[in-house]
Amino acid sequence: RTRGVGVENSSLGAAVHSARRRILVEKVGGPVLLMGNNTQPRNLLMNKLPFRQDSTFLYYTGCSTPGAAVLINGQEETLFLPIPGEGDELWHGPHPSLMEQESLYGIKIRDITALESSCANLTLDTLANSDPRSNSIGERLSGRSLSFGRDMGSPGLVGAIIEQRRLKSSEEISQLRIAAQLTSKAHIAAMKATKPGVHEAEIAAVFKHEFFKVGVVEGYHSIVTVEGDILHNPYYKNILNDGDLLLLDGGAEVNSGYCCDVTRTWPVSGTFTPKQRSAYEAVLEAHHKAVSMCRPGVRYRDIHLTSVKVIAQWLIDENIISCGLEEAVETGAAALFYPHGVGHLLGLDVHDLEAFGDKAAYADGRGRSKQFGLGALRMDLDLEPGLVLTIEP
């Protein structure tokens, strides 16, 4: 049992997914085919990469079975699943019957081999995902070209999914709170384990252990490094030394797929040097000012620029850059030390909806700046209730 968090309740239930499908088909107005991800071999066919279901498929079905598909055709909905072969129980254990799965997912279930005949003569709206095999099937059945992250599928379907997924319901926010609570515990455990002579990999193991012991996973590969200037540093290769700062960027993903993203930096020795404390407090001030601005109607770009100004003023005060505050921001000089955006959307993906490109995260009529730093802003929306976002200067 999860210690004080309630991860055993981290699912949304069939009724929530059924309501989402109903809203989707009302918006799109035609039959919709969504393909799930498949497992992929790591090296041998039997040795698979860790499986993660496509987030949009998960959003509308709650089904994390590899190789699944769902056809939504008005009032008629069918979830297609691979049926285990004879003798499968010997290797993988017992599996629920079709009737049990229909009860679990609240939808009629058929063998995946019936998908092609069920889609015959239908004009389908469909969506790309990260699995090439699934996309190939989707392309053949819909006659539409699909390319994950570039050509995501039917424009009307893409727009409807973005509109639905972008604003989070109270049930979704509850899932995100569970992920945040677990993430907080893991960060504190990592802080307690930090001391000179320990390896980055050991801290990463302590952090991840807090998730694995309660049956959840990382939302993304955790960054644990004394080389925090490499923004998405994937390696654990350094011994921690007295005087180092350790950066940890990581978060939990609960069983429903919702995740968290928190970045923190602390001194390996347990005590900041004066310069380190000064820098830390500048970042903390930028964080607090940005969070205080997060309310309906505020433009996210303005929140980012406010955080940049705090950092820029510190750089000026420390004689690291030699220009005025406005010039430091307008020319991008401060971005040499702050080259990323202040945050991003959060939900079923750590950078939620990012596969859909700027259409999901930029308001109509707004586009990416060509300025270094500001051009890395992952979203530029006016905030409204239901948006969930990170603040991480």
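Here the residue numbering is sequential within each chain, running from 1 through the sequence in written order. Totals for whole chains, interfaces and linings use every residue, but because this is a predicted model, local features are given only for residues with pLDDT of at least 70 and side-chain atom pairs only at 80 or more, for both listing and counting. Based on all heavy atoms of the structure, the side-chain values leave hydrogens and waters out of the count.

Q: So what exactly am I meant to see when it comes to the overall build of the protein here?
A: Helix and strand labels come from DSSP, where a helix needs a run of H or I of at least four residues and a strand needs a run of E of at least two; each type is numbered from the N terminus. A tally of regular secondary structure across the protein gives 13 helices and 10 strands. The principal-axis extent of the C-alpha atoms belonging to the protein is close to 70 × 50 × 35 Å. Classification of residues uses two cut-offs on accessible area relative to the type maximum, computed with a 1.4 Å probe and protein chains only: under 20% is buried, over 50% is exposed, and between them is partly exposed. Within the protein, the fraction of its 393 residues that count as buried is 47%. By definition, residues are in contact when any of their heavy atoms lie within 4.5 Å. Across the protein, contacts joining residues at least 24 apart in sequence account for 67% of those joining residues at least 6 apart. Where accessible areas are quoted, they stem from the Shrake-Rupley method and a 1.4 Å probe; at the residue level, only the protein chains shown are allowed to cover. Surface exposure of the protein reaches about 19300 Å², of which carbon and sulfur atoms provide 53%. Only four residue types enter the tally: Lys and Arg on the positive side, Asp and Glu on the negative side, with His and both chain ends excluded. Charged side chains are reduced to one point each, which is NZ for Lys, CZ for Arg, CG for Asp and CD for Glu. Distance between charge centroids for the protein: 2 Å, based on 38 positive and 47 negative side chains.

Q: Help me out: how do you make sense of the sheet that holds strand S10 (residues 262-267) in this one?
A: Strand pairing within a sheet occurs via backbone hydrogen bonds; the two strands may be parallel or antiparallel. By this definition, two strands are paired if DSSP reports at least two bridges between them. Pairing is antiparallel in the open sheet, where three strands are placed in the order S7-S8-S10. Of all the strands in the sheet, just strand S7 (223-225) and S10 have a single pairing partner and so form its edges. Ignoring which end each strand starts from, the neighbouring axes of this sheet average 10 degrees apart. Here an angle of 0 to 180 degrees is reported between the N-to-C directions of two axes, which are lines fitted to C-alpha atoms, with helices fitted over the stretch in contact. On top of the sheet, helix H8 (residues 170-193) reaches strand S8 (245-250) and S10; it is set at about 20 degrees to S10, its chief contact.

Q: Could you clarify how one ought to interpret unusual backbone geometry in this entry?
A: Working note: non-glycine residues mostly have negative phi, and peptide bonds are mostly trans. Despite not being glycine, Asn319 has its phi angle at roughly 60 degrees, a positive value. With phi around 65 degrees, Leu353 is a residue other than glycine that occupies positive phi space. Relative to the helices and strands, Leu353 resides in the loop between helix H12 (325-330) and helix H13 (358-361). Of the residues examined, Leu353 reaches a relative accessible area of 1% and is grouped as buried.

Q: It is not clear to me how the packing of helix H10 (residues 274-292) against helix H11 (residues 300-317) should be interpreted in this structure. Could you clarify?
A: Axis angle and axis distance: for two packed helices, these are the angle between their axes and the distance between the axes, and together they describe the pair. Direction vectors running N to C along H10 and H11 enclose 160 degrees, while the axes themselves pass 8 Å from each other. The angle between the axes of H10 and H11 places the two elements in the roughly antiparallel class. Of the two elements, H10 crosses H11, and the hand of that crossing is right-handed. Two secondary-structure elements touch here, H10 through Lys275, Ser278, Ala279, Ala282, Val283, Glu285, Ala286, Lys289 and Ala290 and H11 through Ile303, Thr306, Ser307, Val310, Ile311 and Trp314. Residues are grouped as follows: Ala, Val, Leu, Ile, Met, Phe, Trp, Tyr, Cys and Pro are nonpolar; Asp, Glu, Lys and Arg are charged; all remaining types, including Gly, are polar. Class assignment for the residues of the contact of H10 with H11 results in nine nonpolar, three polar and three charged. Roughly parallel means an angle under 35 degrees; roughly antiparallel means over 145; roughly perpendicular covers 65 to 115; every other angle is labelled oblique. Put simply, a crossing is left-handed when the front helix is turned counterclockwise from the back one by less than a right angle, and right-handed when it is turned clockwise.

Q: Any chance you could explain the pattern of salt bridges here in plain terms?
A: Side-chain pairs of opposite charge can arise where the charged atoms are in close proximity. Whenever Lys or Arg places a side-chain nitrogen within 4 Å of a carboxyl oxygen from Asp or Glu, that contact is recorded as a salt bridge. Throughout the structure, instances matching the rule amount to 20 salt bridges. Lys237 serves as the salt-bridge partner of Glu227, at 3.9 Å between the closest nitrogen and oxygen. Separated by 10 residues along the polypeptide, Glu227 in the loop between S7 and S8 and Lys237 in the loop between S7 and S8 bring together distant segments of the chain. When salt bridges with common partners are traced through the structure, they connect Arg165, Lys168, Asp349 and Asp352 into a single cluster.

Q: Is there a simple way to explain the nonpolar core in this structure?
A: Among soluble globular proteins, nonpolar side chains are generally buried collectively. Residue types Ala, Val, Leu, Ile, Met, Phe, Trp, Tyr and Cys, when buried and joined through side-chain atoms within 4.5 Å, form a set referred to as a nonpolar core. One finds Leu24, Leu79 and Phe356 to be the most contacted residues of the largest nonpolar core, which totals 94 residues. Of the residues forming this core, the biggest block, 10 residues, is contributed by H11. Residues within four places of Leu79 in sequence aside, it is in contact with Phe57, Thr61, Cys63, Ala69, Val70, Tyr105, Ile107, Lys108, Ile109 and Arg110. Ranked by size, the runner-up nonpolar core spans 10 residues in total, among them Leu33, Met35, Leu71 and Leu124.

Q: In this structure, what is going on with the packing of aromatic side chains? I would like to understand it.
A: Each aromatic ring pair is summarised here by two numbers: the centre-to-centre distance and the angle between the ring planes. Geometry of aromatic contacts follows a simple scheme: Phe, Tyr and Trp rings, the Trp one being its six-membered ring, pair when their centres are within 6.5 Å, and the pair is stacked under 30 degrees between planes, edge-to-face over 60, tilted otherwise. Under the counting rule described, the total for this entry stands at three aromatic pairs. Between the aromatic rings of Tyr59 and Tyr60, the centroid separation amounts to 4.8 Å while the plane-to-plane angle is 85 degrees, which identifies the pairing as edge-to-face. Under the relative-accessibility criterion, Tyr59 is labelled buried at 4%. Between Phe207 and Phe211 the ring centres are 5.0 Å apart and the planes differ by 75 degrees, which places this aromatic pair in the edge-to-face class.

Q: Please explain the side chain of Ser134 as it appears in this structure.
A: Tracing the chain through its elements places Ser134 in helix H6 (residues 132-142). Only 3.2 Å separates the side chain of Ser134 from the side chain of Asn38, close enough to count as a polar contact. In the analysis that follows, any N or O atom pair within 3.5 Å is treated as a polar contact, provided that within protein one partner can donate a hydrogen and the other can accept it, and provided that, for residues neighboring in sequence, both atoms belong to side chains.

Q: Explain H8 here, please?
A: One turn of the α-helix equals 3.6 residues, which is why residues spaced by three or four share an orientation. To estimate how far a helix should extend, the number of its residues minus one is multiplied by 1.5 Å. When the terminal C-alpha atoms of H8 are compared, their 35 Å separation across 24 residues agrees well with the 34 Å that a helix rising 1.5 Å per residue should span. What H8 keeps buried is the set Glu172, Gln175, Leu176, Ile178, Ala179, Leu182, Thr183, Ala186, His187, Ala189 and Ala190. Looking at the packing, one finds that the buried side of H8 touches helix H1 (14-28), helix H2 (55-61), helix H9 (200-212), S8, strand S9 (252-253) and S10.

Q: Sorry, what's going on with the confidence of the model for the protein here?
A: Low pLDDT marks stretches whose predicted atomic positions should not be read closely. Each residue gets a pLDDT score, which is the predictor's confidence in that residue and runs from 0 to 100. Averaged over every residue, the pLDDT of the protein is 94; residues scoring 70 or more account for 97%. Low pLDDT (under 50) marks residues 1-9, which in the prediction has 19 contacts with non-local residues, meaning those over four places away or in another chain.

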